[in-house]
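Structure at a glance
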Amino acid sequence: MQFVHFCKIEHGSSNQTAATVTKSVTINEDLSWSVNVHGHKLIAGKCNALCCVKDKITTKAALSRLVHQIDSLSVCSGNPDSHFLELADARKGIFHSPSKNMVAFIDSFFPVMFEDEMYSRTLRCNECELLVTNNRCDTCKQYRCTLRALHSQWLRQQKKTANHASISSHTNFRYLKTPERQQRIRRLRNEIVNKRKEVERLKSYVNVATEQHGIYIEEALEKDIKQIMEEKSNEIRKTYQADSFQCIFWNQQLELLKLKDKRQIRWHPMIIRWCLSLKLLSSASYHALRSSNLVILPSERTLRDYTNIVKAKTGFSTGIDAQLCHEANIDSIPDHEKYVCLVFDEVKIKEDLVFDKHSLELVGFVQIGDINTHLSKFESCSMPQKTPVAPQLATHMLSFMVSGIMTDLQFPYVSFPCSTISGDQLYSMVWGCIRRLETCGFKVLAVTCDGASSNRTFMKLHQSGDNLTYKTINPYANEDRPLFFISDPSHLIKTVRNCWANSYGHSYTRKLKINGQDISWQHLVDLYKAHRGPDCATLGLSILPKLKWEHIELNSYSKMRVDLAAQVLSTTVAEAFAYENSPHTKETERFVRIFDKFFDLMNTRNTKEFVLKRKPNLAPYINNPETEERLKWLQDVFLPYLDEWEAYAHAQEHLSSAEQIKLCLSRNIAGASHNSPCIH
């Protein structure tokens, strides 16, 4: 004899369920015993109802007591609540812990009884005791609290998804998941069809009402309306002042009624300003109001003449210089308000040609200034070519903006259509802007740009010796005033984040590594899934409160957002890595801390932000630069960290030069960080 098997066979329902073995007891050859309940093996050590039974059955009386005890015990009902089962179905019938272990599952082996009601399915914990003296084991009771919290969270997510998919939702399509996007598009199509039917119904109703009850206005009635307006003009003049908008509007409409040709009207400037404000608020609304013929308003062509006072064109313009001086009030402001910063950057545009009927020119070709254009033509003519070089279409727009340092002046100054820009071409453009601004009376103190290779080449053209270039002499300044070169920290922090995102993630173009440890984007992904992921059972407070899926899964739009980059490279993320205390993420934690502090030091904007955010690194620089600890940190810690990283990459002699470059950050970041005036 090898074993003895006792089974209990039950019928869930005489009409629906066949005979099923619900409980079974097995006595093995070594006299040990085991129990199966509803197809699941019972662990004797975890079942409180059978904890007093010995490990081996040595007598018939002990066997009889064991079988009788198991037969008398009830099967744990689990959590058969319908809303919990609905949540479980949404999770494909299984609940996982953050470590991917199964916590609970749907048990549909045999119906269970709970409070005199039969349930065909129940939600059972993985550590369920199975046999109990009452209805439910302690493990399933404790897990009900977690189920309630998970169900509440799931309902909030469902409501949020429904709101996103609703027609009135303002959430952008790019942030919606594919099912949400398809659901909203389907609802919008149905809404459009219903609205069209409603419009047709109202049109037919208006037509019928007009035919039955409409009154045709004859010429005599129109004269009566004019006469009534003329008679009421005296009351209007008594009620409102002559220079008020109400009086001017009344007189203008009365004058229009008297004219046979409405094109002869000369509009009052106040009416023009009012119509311009309406059109700028909503062009469609202005068009609808003018088309209704309730009031007579200027045409959109007339308004366009008033908006285009200065003709828009590429390159420098004396009209733009005059407008800038007028807006800044350059003749009356004190000297300290004349300090400005010249900011420039490239913007992607669509390649196309447009015919200008006023100048009879095709607009859309590359125009990078007279000097650069002539040099490019001379270079193309000097090269031996069989076919002539065709004019190149512009793919980018290089825009320059004047930003006040001590004022809130923000003025788009000049734009150049371009395709690719080199450092020597930038030289003439930048110094051309500085010369014209200094001539107008402004004091250009700095030039700000991103860390693109052409911009760094432009800065190196002012290099003297082997020293790093962060300033140069301003030859157009009346006094001895230098011109500083500043790499925009916002572009730097985005570039750093993008390099990290491409390290073992996204495009896989980087393999960041220092001191033998990887700085991998997968570290952040694992951290997010453990504390903020969809399968995470942790609710309430989180150590990553601001981190969302858009921080992790980047697209072409989110890569350009500075706030997402700053929130990823933050002290909060570094502290989360420290909390996990994994030996594989030490260098990633150090990397995040260093660049978070660097961005804070470069991002000081006012005198109170450091108090509100409780970040001392955002405090203004009021101490002596020689004793300022934060500036010393930039020189003694930050720059040596970049140099150490680059030296480690070059020390890997077993790798090719291309593979060595992938180990460290982009050269744009290193070069732009060294070109910061704050560090020097």
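Above this text you will find the structure in question.
Reference entry: report on the structure contained in this document. (Residues numbered from 1 in each chain as written. Predicted model: local features only at pLDDT ≥ 70, side-chain atom pairs only at ≥ 80, totals over all residues. Heavy atoms only, no water.)

The next point concerns the overall build of the chain. Within the chain, the secondary structure is distributed over 23 helices and 21 strands. Scored against the burial criterion, the 680 residues of the chain give a buried share of 36%. In the chain, of all internal contacts separated by at least 6 residues, the share reaching a separation of at least 24 is 60%. As presented, the chain carries roughly 41,600 Å² of accessible surface, and 53% of it is formed by carbon and sulfur atoms. (Helix = DSSP H or I, 4+ residues; strand = E, 2+ residues; numbered from the N terminus. Buried < 20%, exposed > 50% of the residue type's maximum accessible area, 1.4 Å probe, protein only. Contact = heavy atoms within 4.5 Å. Areas by Shrake-Rupley, 256 points an atom, 1.4 Å probe, with all protein chains shown as cover.)

Further remarks concern the packing of aromatic side chains. The full count for this structure, using the stated rule, is 22 aromatic pairs. Between Phe245 and Trp274, the aromatic rings sit 5.4 Å apart at their centres with planes inclined by 55°, giving tilted as the arrangement. Of this pair, Phe245 sits in helix 6 (residues 245-258) while Trp274 sits in helix 7 (residues 269-281), and the two are 29 residues apart along the sequence. Given the relative accessible area of 28%, Phe245 is considered partly exposed. Between Phe249 and Trp274 the ring centres are 5.8 Å apart and the planes differ by 75°, which places this aromatic pair in the edge-to-face class. Pair noted here: Phe249 is in helix 6 and Trp274 is in helix 7, with a separation of 25 residues, a long-range link. For Trp274, a relative accessible area of 28% gives the class partly exposed. Put simply, the rings of Trp500, Trp521, Phe591, Phe595, Phe598, Trp633, Phe638, Tyr641 and Trp645 pair up and form one aromatic cluster. Just above the ring of Tyr621 sits the side chain of Arg630; from NZ or CZ to the centre is 4.3 Å. (Phe/Tyr/Trp six-rings, centres within 6.5 Å; stacked < 30°, edge-to-face > 60°. Lys NZ or Arg CZ within 6 Å of the ring centre and 35° of its normal.)

Once that is clear, we can look at the pairing of strand 3 (residues 33-37). Side-chain alternation along strand 3 places Trp33, Val35 and Val37 on a buried face and Ser34 and Asn36 on a face that remains uncovered. Where strand 2 (residues 19-27) and strand 3 come together, five bridges link them in antiparallel fashion. Bridge assignment links Lys23 to a residue of strand 3, and that residue is Val37. Linkage of strand 2 to strand 3, two consecutive antiparallel strands, is achieved through a turn of five residues, within which Leu31 is found at a positive phi near 70°. For strand 3 and strand 4 (residues 40-42), the ladder comprises three bridges, and the chain directions are antiparallel. Following the sheet pairing, Asn36 is matched in strand 4 by Lys41. Linkage of strand 3 to strand 4, two consecutive antiparallel strands, is achieved through a turn of two residues, within which His38 is found at a positive phi near 55°. (Pairing = 2+ DSSP bridges.)

In spatial order, the strands read 6-7-10; together these three strands make up an open sheet with antiparallel pairing. Either end of the sheet is taken by a strand with one partner, and the two such strands are strand 6 (94-96) and strand 10 (122-125). Sheet twist, expressed as the average angle between the axes of neighbouring strands with direction ignored, equals 20°. Where strand 7 (residues 102-107) meets strand 10, four bridges bridge the pair, whose relative direction is antiparallel. Residue Phe105 lies in a different strand from strand 10, and its bridge partner there is Arg124. (Axes fitted to C-alpha atoms, helices over the stretch in contact; angles between N-to-C directions.)

Residues other than glycine predominantly adopt negative phi, and peptide bonds predominantly adopt the trans conformation. Residue Tyr504 is not a glycine yet carries a positive backbone phi of 60°. Tracing the chain through its elements places Tyr504 in the loop between helix 14 (489-501) and strand 20 (513-514). On the accessibility criterion, Tyr504 (29% relative accessible area) is partly exposed. Positive phi, normally seen in glycine, also occurs at Arg614, with a value near 55°.

Tallied over the entire structure, the rule returns 20 salt bridges. Salt bridges sharing common partners tie together Glu438, Glu479 and Arg481. (Salt bridge = Lys/Arg side-chain N within 4 Å of Asp/Glu carboxyl O.)

This part is about the sheet that holds strand 19 (residues 482-487). The strand order across the open sheet formed by six strands is 16-15-12-17-19-18, and the pairing between neighbours is mixed. Of all the strands in the sheet, just strand 16 (410-418) and strand 18 (471-473) have a single pairing partner and so form its edges. Averaged over all neighbouring strand pairs, the angle between strand axes comes to 25°, with direction disregarded. As defined by bridge partners, strand 12 (residues 339-348) adjoins strand 17 (residues 443-449) across five bridges and the pair is classed as parallel. Pairing of Val340 across the sheet is with Val444, part of strand 17.

Moving on, we come to a nonpolar patch on the surface. Together, Leu353, Phe355, Leu360 and Leu362 make up a nonpolar patch on the protein surface, roughly 410 Å² of accessible area in all. Here Leu362 shows up in strand 14 (residues 361-363). (Patch = residues over 30% accessible without salt bridge, like charges linked within 9 Å, V, L, I, M, F, W, Y side chains within 5 Å.)

On to the packing of helix 15 (residues 521-531) against helix 18 (residues 571-580). One can describe the packing of helix 15 onto helix 18 by two numbers: an axis separation of 11 Å at closest approach and a directional angle of 80°. Taken together, helix 15 and helix 18 sit at an angle that is classed as roughly perpendicular. Of helix 18, the residues touching helix 15 (which contributes His523, Leu524, Leu527 and His531) are Val573, Ala576, Phe577, Tyr579 and Glu580. Tallied by class, the residues present in the contact of helix 15 with helix 18 amount to six nonpolar, two polar and one charged. (Parallel < 35°, antiparallel > 145°, perpendicular 65-115°, else oblique. Nonpolar A, V, L, I, M, F, W, Y, C, P; charged D, E, K, R; others polar.)

The biggest cluster of nonpolar side chains holds 45 residues, and the ones touching the most others in it are Trp500, Phe591, Phe595, Phe638, Tyr641 and Trp645. Among the elements of the structure, helix 14, helix 15, helix 17 (562-568), helix 18, helix 19 (586-602) and helix 21 (629-650) are those that each provide at least two residues to this core. With nine residues, helix 21 is the single largest residue contributor to this core. Phe400, Tyr413, Phe416 and Val444 belong to the second largest nonpolar core, which has 36 residues in total. (Core = buried A, V, L, I, M, F, W, Y, C linked by side-chain atoms within 4.5 Å.)

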